[in-house]
Structures are given as structure tokens and as C-alpha cells.
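Okay, here's what each chain looks like letter by letter:
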Amino acid sequence: MSAIIKDKKNNLSVPIYLDYSSTTPVDERVAAKMAECLTKEGVFGNPASRSHSYGWDSEKLIDEARQNVANLINADKREIIWTSGATESDNLAIKGAAHFYKDRGNHLITLSTEHKAVLDTMRHLESEGFDVTYLDPQDNGLVNIEELKNAITDQTILISIMHVNNEIGVIQDLETIGKLCRENKIIFHVDAAQSPGKVKMDVDKFNVDLLALSAHKAYGPKGIGALYVRRKPRVRLEAQMHGGGHERGFRSGTLPTHQIVGMGEAFRLADIEMEEDNKRIKKLRDKLWNGFKDMEEVYLNGDLNQRIPGNLNVSFNFIEGESLIMAVKDMAVSSGSACTSASLEPSYVLRALGRDDELAHSSIRLTIGKYTTEEEIDYAIKLISESVTKLRELSPLWEMYKDGIDLKSVKWSAH
Amino acid sequence: MAYSNKVLDHYENPRNVGSFDKEDVSVGTGMVGAPACGDVMKLQIKVNDEGIIEDAKFKTYGCGSAIASSSLLTEWVKGKSLTEASLIKNTDIAEELALPPVKIHCSVLAEDAISAAIDDYKKKRK
């Protein structure tokens with residue numbers, strides 16, 4: 001861990017980790033359970049082995065984990081399919097349902113601010129001849145229900161709307177959307193990678209048919225996820241991975257016991273500790289936002305109230321995002337989403353909210369988690385305020401703004 | 001993104017930040033780029049009666065490489081004649097700062113900025 005330096009003066013380890021929506025460390029209690037499923041003294045057996053106790057022991061742990069995951073979303077454990085993560089779950093759900101139900105219709109609806117795991121899967125289906133509607137959200141990031149209603153045709157077979165947006169943290173009104181889907185006999189898929197431990201999920205209350213989950217956003221290990229597949233009324237899928245017929249044929253491949261046990265334990269803890277953690281995290285988030293919201297030309301992206309407690313996505317006008325991230329190098333944060341920050345494009349999520357390119361370019365995402373401390377938040381406020389002031393002194397746009405020039409009236413030389 | 005030490009040095013300690021009065025006849029101003037593209041550079045040169053750039057200032061909205069490219073440029077143009085300054089190439093800047101390929105456009109913008117500043121100065125003198 002050579003990159004992590006102890007800042008003696010502030011008694012903090014820098015860079016301060018404020019990127020919990022990107023991934024989380026594994027909870028020590030989770031790691032301890034996982035470690036029991038690896039070595040020859042542990043439960044290492046193949047859960048598909050029916051002829052000896054090594055297999056049975058493994059199967060028992062997997063069964064408990066399945067129950068823990070089901071509990072968190074109010075499902076039956078027989079409705080949980082293990083996958084490698086939310087990306088695979090999204091692929092299996094959307095392609096699997098589209099292929100199975102293609103005789104019923106060829107139209108799918110989603111949101112332009114979905115994760116790439118959904119958007120890219122939809123693009124792939126378009127290349128196979130399916131018709132996809134990408135709805136833009138309102139400027140607060142939430143779905144416009146009327147627009148969604150109007151987009152439905154007699155050909156619509158599936159609607160995919162995420163629960164919590166990974167960049168701006170807004171929570172969609174799944175209850176209303178789920179009701180709409182059920183009334184129109186449309187399959188409702190939800191990417192819920194960002195929900196566990198942050199916001200309550202109830203597949204029955206929300207009429208969800210398919211739900212993608214991931215362990216590593218909720219203090220579980222990377223490389224494991226799940227897909228919820230409704231039994232009543234039964235939702236069918238065409239398998240994407242063929243082989244030994246594991247997971248009732250939906251997803252072949254030997255089950256990784258240690259990973260599954262890790263996910264199960266992480267979700268069990270999330271269920272118990274969510275409320276307390278969220279109270280503390282929200283307090284820290286509010287402190288952080290209050291620490292710099294009164295600076296000039298600072299914008300919060302996405303609705304403040306319909307939002308998970310740990311997320312702040314902020315645009316500092318007249319400052320370019322990458323230079324801001326460089327300036328706050330003692331903080332681990334992201335500009336746009338981590339999956340796309342290798343490109344120079346501004347965030348497609350912020351663009352879809354109708355934010356100007358300038359504001360989309362100047363955004364950073366700060367996400368707080370259960371290991372964040374008050375000292376870290378104090379440090380972050382100081383660092384952000386100082387960096388913004390410094391970079392604005394460097395910014396010709398800030399100078400023009402201060403001189404009262406309307407930047408929209410300037411004829412720029414695009415390059 | 002891993003930046004070179006030279007980029008980091010210019011980014012952390014930018015040289016010649018500021019502005020001259022752009023109405024002054026001895027000042028040439030070049031403003032290039034666009035906010036929507038994520039880069040805007042403003043470069044100003046102060047030219048004496050012998051046609052030598054006496055002083056230079058910049059302000060840049062953009063990534064670390066864009067800030068470093070314009071900071072370096074202000075150092076290089078000082079003491080040069082307009083003709084000498086116009087010969088600075090983006091490749092010289094990119095090489096000096098060891099810019100990665102995705103950041104070459106920052107050095108191109110810096111080259112555009114110096115030529116725009118020289119043009120502005122010459123227009124004022126006509």
C-alpha cells in the first residue's frame with residue numbers, strides 16, 4: 001500500500017477514500033467468513049458434489065447465503081441466481097428475456113442515464129433487430145412517468161429502470177413504474193447494483209420481475225453478484241452461459257463458495273446495520289455539502305431529497321473536472337463514472353439531465369461510506385474550498401464571469 | 001493518468017498567471033478553445049518597441065496538461081522576438097512536458113494561443 005501515506009499533521013491516511021459508489025472494502029467480518037471456505041481445513045468442496053459431505057457442507061453455506069440475499073430484497077431464495085456481478089446479471093436479464101419473449105414483441109424501454117451494462121446490452125439487442133426507446137430523465141434525474149407511459153406500445157416486452165443512479169445517487173420511484181409494468185403485462189427489470197445497504201428494496205411491493213445485484217458495492221467481494229428472477233408470475237429467460245446446468249439452467253458454472261458466502265454475509269449485515277449506517281452517513285454528507293455549497297456557482301447534480309445518503313455530485317462552474325481531481329489528489333474521488341473516466345467525454349448522465357457541457361465537464365462525485373470519519377470530511381471541505389479558489393484564479397472563464405461577460409454570448413473557436 | 005514531473009511542477013506552481021489590460025496597444029491577447037470542449041486558454045504578451053516580448057501572462061481553464069502547456073509557453077516566449085515566438089511548435093511543448101498521446105491537443109492549443117496573441121498584437125499596431 002505504498003500510495004497511501006499517513007498525514008501526520010491531520011492524523012489521516014491520504015488519499016482519503018470518498019469513492020464508495022465505485023467500490024467498497026470488504027468488511028472484516030465478511031472476509032473472515034470467506035477465508036473459511038478456501039483451504040483444505042475449510043469448506044472448499046464443490047457444492048454440486050452430491051456424493052460426499054464436502055459438497056453438502058458447501059451447499060449448505062450457499063443455501064444460507066441465498067437466503068440472506070433473498071431477505072434483503074423480500075424474495076424467495078429459489079428466485080436468486082448467482083452470477084459474476086451486476087453486469088452479468090443485467091446481460092442475462094435483458095438479453096435472456098428479450099430472446100425468450102421475442103414472439104410477444106420487439107420493443108424495450110430504458111433510461112438514457114442507466115449504467116453502461118444496461119445501455120450497451122440494449123445497443124446489442126438493437127443490432128439484432130429489437131427496437132429500444134431511451135428516455136431522458138427530468139433535470140433532477142428522475143423518470144418522467146407520463147413520458148414512460150406514452151412510450152409503451154403493444155410491442156413493449158421489457159422496461160429496464162435502475163433503482164439508484166451510480167453517478168448522481170437519485171432513487172427512482174419503482175413502485176409507480178412497477179405498477180405500470182404489471183398493468184401492461186411488461187417485464188420489469190431493475191439494475192439495483194447501488195441499492196443494497198443504502199435504500200430498501202422490496203421486489204413484491206415494487207412488482208419487480210428481474211433484479212440485478214452486486215456484492216462489492218456493499219462491503220462484499222468483487223466478482224460475485226446475483227439476479228433475482230420472479231417465480232410468480234414466472235419469468236423465463238434464455239440462458240447465456242451453457243454447461244453443467246447449474247442455477248436451474250439459468251447460469252452454468254461451478255459456484256464459487258467463498259465469494260457467495262461473502263456476498264451473503266455482506267447482505268445479512270447490510271440488512272441489520274443499514275438504518276444506523278445511513279443515519280451517520282447522511283450527517284457526514286450534509287456536513288460536506290454545507291461546507292462548500294455557499295461558494296459561488298456551485299451546483300448539485302440530481303435531486304437532493306430523492307437520493308441515497310452517501311452521494312454528492314457537484315459541478316464547480318468555470319473549473320475543469322480533471323484539473324480539480326488533480327488538485328484534490330489527497331482525496332480519492334471520481335470525475336464522471338469510473339468506467340468512462342479514461343475518455344475525455346463529459347459525463348453522459350449529466351448531459352442527459354440537460355446540464356451544459358461546461359457544467360458536465362466540471363463535476364466531481366464524492367461518495368461516503370461506513371468507514372468515512374468526521375475528520376476526513378473536515379479535511380475534504382478544506383481541500384475542496386482551497387482548490388476551487390486556486391483553480392478559479394487560473395480560469396479565464398471565471399475572470400470573464402466576474403467581469404460580467406455572458407459566456408454564452410462569446411463566439412468560441414471550437415477545436 | 002500518470003503525469004510527468006514537469007507537468008506536475010507547472011500545475012502545482014504555475015508561472016506567470018494573470019492578466020494585462022487587453023486595450024493596451026503593447027499587449028496582444030490570444031483566447032483559444034471552447035468551454036464545451038473542456039479547454040480555454042488565454043495568453044497575453046507585452047511587446048516592447050524593439051518587437052521583443054517583455055512579459056507574458058496566462059489563464060487556462062482545462063486539465064493539468066493544458067495548464068502546464070500554457071505555463072511553459074509563457075516562460076518560453078519571454079525575451080523572444082515575435083518571429084521567434086511564432087516558431088514554437090506544439091511538438092516542442094509536448095516533448096518538453098512528455099505529454100501522453102491523449103493530451104497532445106493541449107500543446108496544439110498552446111501553439112494556437114501564441115499565434116492568436118501575435119496576430120492580435122499586429123492587428124492593433126496597424
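Anything mentioned here points back to the structure above.
Reference entry: report on the structure contained in this document.

### Examining the pairing of strand E12 (residues 311-316) of chain A
Residues and elements named next belong to chain A.
- With respect to burial, E12 is a largely interior element, six of its six residues being buried.
- Burial along E12 is two-sided: the residues Asn311, Asn313 and Ser315 and Leu312, Val314 and Phe316 are all buried.
- Where strand E11 (residues 298-300) and E12 come together, three bridges link them in antiparallel fashion. If you follow Leu300 over to E12, its bridge partner there is Val314.

### Looking at empty space enclosed by the protein
Residue and element names in this part refer to chain A.
- The tally for this structure, following the rule as stated, stands at three cavities of 30 Å³ or more.
- If you add up the space inside the largest cavity, you get close to 240 Å³.
- Lining the largest cavity are 23 residues, with Pro196, Gly197, Lys198, Tyr219 and Asp277 positioned closest to its centre.
- Among the elements that make up the lining of the largest cavity, the one with the highest residue count is helix H7 (residues 257-292) (eight residues).
- Within the lining of the largest cavity, the residues separate by chemical class into twelve nonpolar, five polar and six charged.

### Focus on the nonpolar core
- With 66 residues, the main nonpolar core has Leu288, Phe292, Phe316, Met331 and Leu366 of chain A together with Ile45 and Val77 of chain B as its most contacted residues.
- Tallying contributions element by element places helix H11 (residues 374-394) of chain A first for this core, with nine residues.
- If sequence neighbours within four positions are ignored, Leu288 of chain A has contacts with Leu312, Leu366, Ile368, Ile377, Ala380 and Ile381 of chain A.

### Things to note about the environment of Asp57 of chain A
- The topology assignment puts Asp57 of chain A in helix H2 (residues 53-73).
- Placed 250 residues apart in sequence, Asp57 of chain A and Arg307 of chain A show a C-alpha to C-alpha distance of 41 Å.

### Regarding the sheet that holds E12 of chain A
Residue and element names in this part refer to chain A.
- Read across the sheet, three strands follow the order E11-E12-E14 without closing on themselves; strand pairing throughout is antiparallel. At either end of the open sheet lies a strand with only one pairing partner, and these are E11 and strand E14 (363-367). Here the average twist between neighbouring strands, direction ignored, is 25 degrees.
- Bridge count between E12 and E14: five bridges; the pairing is antiparallel. Considered in E14, the bridge of Asn311 is made with Thr367.
- Across the sheet, H7 is in contact with E11, E12 and E14; its angle to E12 comes to roughly 10 degrees.

What counts and how
- Residues numbered from 1 in each chain as written.
- Chains lettered and ligands numbered in written order.
- Predicted model: local features only at pLDDT ≥ 70, side-chain atom pairs only at ≥ 80, totals over all residues.
- Heavy atoms only, no water.
- Buried < 20%, exposed > 50% of the residue type's maximum accessible area, 1.4 Å probe, protein only.
- Helix = DSSP H or I, 4+ residues; strand = E, 2+ residues; numbered from the N terminus.
- Pairing = 2+ DSSP bridges.
- 1 Å grid on protein atoms, 1.4 Å probe; cavity = no way out; pocket = protein on both sides within 12 Å on 5 of 7 lines; lining within 4 Å.
- Points joined across faces, edges and corners; volume = space filled by probe spheres on them.
- Nonpolar A, V, L, I, M, F, W, Y, C, P; charged D, E, K, R; others polar.
- Core = buried A, V, L, I, M, F, W, Y, C linked by side-chain atoms within 4.5 Å.
- Contact = heavy atoms within 4.5 Å.
- Axes fitted to C-alpha atoms, helices over the stretch in contact; angles between N-to-C directions.

Bear in mind that shape data such as this cannot, by itself, settle questions of function.
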